[in-house]
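Results of the structural survey
Each chain, written out:
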Amino acid sequence: MIFKRAMLNRLSKSIAIAAAIFAAQPAFAQDMSFDSYVQLLMAKARAQGVSEGTIARMSAGLEPNRRVIELDQAQPGSPTSSGYPPLSDYIARHVDQARIGPGRREYASARGTLSAIEREYGVPGEILVAIWGHETAYGNVRGGFDLSQALATLAWEGRRRNLFEGEFLALLKVADRGYSRSELQGSWAGAFGNPQFLPSVYLRLAADGDGDGAANIFTNRADTLASIANYFRDAGWRTGQPWGVSASVPRGFDTASVSTELVAPVCARVHERHSQFKTVAEWRELGVQPLRPLAETTLVSLFQPDGPGTPAWLLTSNYRVILEYNCSNYYAMSVGLLADEINR
């Protein structure tokens, strides 16, 4: 009994010390030295069960990366009321032969793997390949930043400290699974691997696509594609529905009459460009015709980004799932159109 009380006393004292350390963290992490802040991160990592060996190798020689701070501070802030760049220009640059040709080759050579993944997750193989192609050019451009340094820098800088501190701690947990620091390289903002997952996303959704017991999204194609599929299933992908189809809009159609009245809680400027949701049958009554087969009861929104007389699409809820990956109409449209080209 005395032994148990002594153990409890020591445990309580350790918890109190850790709480005092964490409470000392300033509102902006750069208010303390980088080295002091890294020590704080290491204490939090220990408290979350990261091994000492991983902590040592992932923190060795850490110092702020000024280039990472510059890139973060160069990100756009609040959107303005100015117009949108043409979608057609973006599509011409991102749905080109440099992505279509390799995408078709990957799609053909991975047909068996993709079929198995589609049966398990319900997401079409061409969508998975298109994400891979858009994110890293099929694994050729994955980023060369030391993720430990990049995420520690962003957390210390403080502009989005809660986000990046959490991702740094998640990165250490990824490293604790046996990945070396040299393997854990990626974008300046912490995304890595073929699908450019953040560490927290990797921990939650990375999948073993070939049954070898690992989820290697760095060099393993099956794991990469299964992980993207798991992400899409988790985001609500509806099996059997396309992301959208091209549509014809009658001359003089009053788009204002079908504009959405909903205000999205996130990415409002993305969603405000989509119309109300109506069934395909209801759109037909208004003269808007899908140019590919789509069930009459399917709920879709109208999107004609470049104005009257330009290409238009009817978008299903699966388009919203692509937006979960990257909340940009330019991104989501290019993924959908690239997928269509890959499976043409």
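Just above, that's the structure.
The structure reproduced in this document is the subject of the present report. (Residues numbered from 1 in each chain as written. Predicted model: local features only at pLDDT ≥ 70, side-chain atom pairs only at ≥ 80, totals over all residues. Heavy atoms only, no water.)

Some words on the side chain of serine 227
Selection criterion: Put simply, DSSP marks the helices as runs of H or I at least four residues long and the strands as runs of E at least two long, and each gets a number from the N terminus on. In protein, a polar contact requires one atom able to donate a hydrogen and another able to accept it; more generally it is a pair of N or O atoms within 3.5 Å, and residues adjacent in sequence count only if both atoms are side-chain atoms. Should any heavy atoms of two residues lie within 4.5 Å, those residues are considered in contact.
Here serine 227 shows up in helix H12 (residues 221-234). Looking at serine 227, its side chain comes within polar contact range of the main-chain nitrogen of alanine 207, at 2.8 Å. When neighbours within four sequence positions are excluded, serine 227 is seen to be in contact with Phe197, Leu205, Ala206, Ala207 and Ile217.

Concerning the pattern of salt bridges
Definition in use: Between Lys or Arg on one side and Asp or Glu on the other, a salt bridge is scored when a side-chain nitrogen of the former is within 4 Å of a carboxyl oxygen of the latter. Think of it in three bands: with a 1.4 Å probe and only protein chains considered, a residue is buried below 20% of the maximum accessible area for its type, exposed above 50%, and partly exposed in between.
Summed over the entire model, instances satisfying the criterion amount to twelve salt bridges. For arginine 160, the salt bridge goes to aspartate 72, with nearest N and O atoms at 2.5 Å. Residue arginine 160 is found in the loop between helix H9 (147-157) and helix H10 (161-175), and its partner aspartate 72 is found in helix H4 (residues 66-73); the two are separated by 88 residues along the sequence. The class for arginine 160 is partly exposed, based on a relative accessible area of 32%. The class of aspartate 72 is buried, set by a relative accessible area of 0%. Overlapping salt bridges, with partners in common, bring together Asp72, Arg159 and Arg160 in one network.

Focus on the nonpolar core
When a protein is soluble and globular, its nonpolar side chains tend to lie buried together. Note the following rule: What makes a nonpolar core is a set of buried Ala, Val, Leu, Ile, Met, Phe, Trp, Tyr and Cys residues whose side-chain atoms join them at distances within 4.5 Å.
Grouped together as the largest cluster of nonpolar side chains are 85 residues, with contacts concentrated most on Phe168, Leu184, Phe232, Trp243, Ile322 and Met333. Residue contributions to this core peak at nine residues, all from helix H16 (residues 329-342). Core analysis: the next-biggest nonpolar cluster, separate from the first, contains twelve residues, Val245, Leu294, Val300 and Leu314 among them.

Remarks on the sheet that holds strand S4 (residues 277-279)
The condition that has to hold: At least two DSSP bridges between two strands are required for those strands to pair.
Sheet architecture is open: five strands sit in the order S4-S6-S7-S3-S5, paired in antiparallel fashion. The outermost strands of the open sheet, each flanked by one partner alone, are S4 and strand S5 (289-290). Bridge count for strand S3 (residues 244-248) against strand S7 (residues 312-315) is four bridges, and the pairing is antiparallel. From the neighbouring strand, valine 245 faces S7, where its bridge partner is leucine 314.

Focus on the packing of aromatic side chains
Note the following rule: Aromatic rings from Phe, Tyr and Trp, with only the six-membered ring used for Trp, were paired whenever their centres fell within 6.5 Å, and each pair was classed as stacked if the ring planes differed by under 30 degrees, edge-to-face if by over 60, and tilted otherwise.
Evaluation of the coordinates by the stated rule reveals 14 aromatic pairs. Between the aromatic rings of phenylalanine 197 and tyrosine 325, the centroid separation amounts to 6.5 Å while the plane-to-plane angle is 50°, which identifies the pairing as tilted. Taken together, the residues phenylalanine 197 in the loop between strand S2 (185-186) and helix H11 (199-205) and tyrosine 325 in helix H15 (residues 317-325) connect sequence positions 128 residues apart. We classify phenylalanine 197 as buried; its relative accessible area is 2%. Judged by relative accessible area, tyrosine 325 falls into the buried class, the value being 14%. Here the aromatic rings of tryptophan 243 and tyrosine 319 are separated by 6.3 Å at their centres, their planes lie at 35°, and the arrangement is tilted. With tryptophan 243 in the loop between H12 and S3 and tyrosine 319 in helix H15, the pair connects residues that are 76 residues apart, well separated along the chain. Accessibility expressed as a relative area gives 4% for tryptophan 243, which makes it buried. Judged by relative accessible area, which is 0%, tyrosine 319 ranks as buried.

Some words on the layout of surface pockets
Stated formally: Cavities and pockets are defined on a 1 Å grid built over the protein atoms alone: a cavity is a set of grid points where a 1.4 Å probe fits but cannot escape, while a pocket is an open set with protein on both sides within 12 Å along at least five of seven lines, and lining residues are those with an atom within 4 Å of any such point. Grid points are joined across faces, edges and corners, and a volume is the space filled by probe spheres set on the points. Three classes are used, and their members are as follows: Ala, Val, Leu, Ile, Met, Phe, Trp, Tyr, Cys and Pro are nonpolar, Asp, Glu, Lys and Arg are charged, and the others, Gly among them, are polar.
Counted as a void, the second largest pocket has a volume near 310 Å³. The wall of the second largest pocket is formed by 17 residues, among which Leu262, Val263, Ala264, His271 and Arg320 lie closest to the centre. By residue number, the principal contributor to the lining of the second largest pocket is H15, which donates three residues. Residue classes in the lining of the second largest pocket are distributed as nine nonpolar, five polar and three charged.

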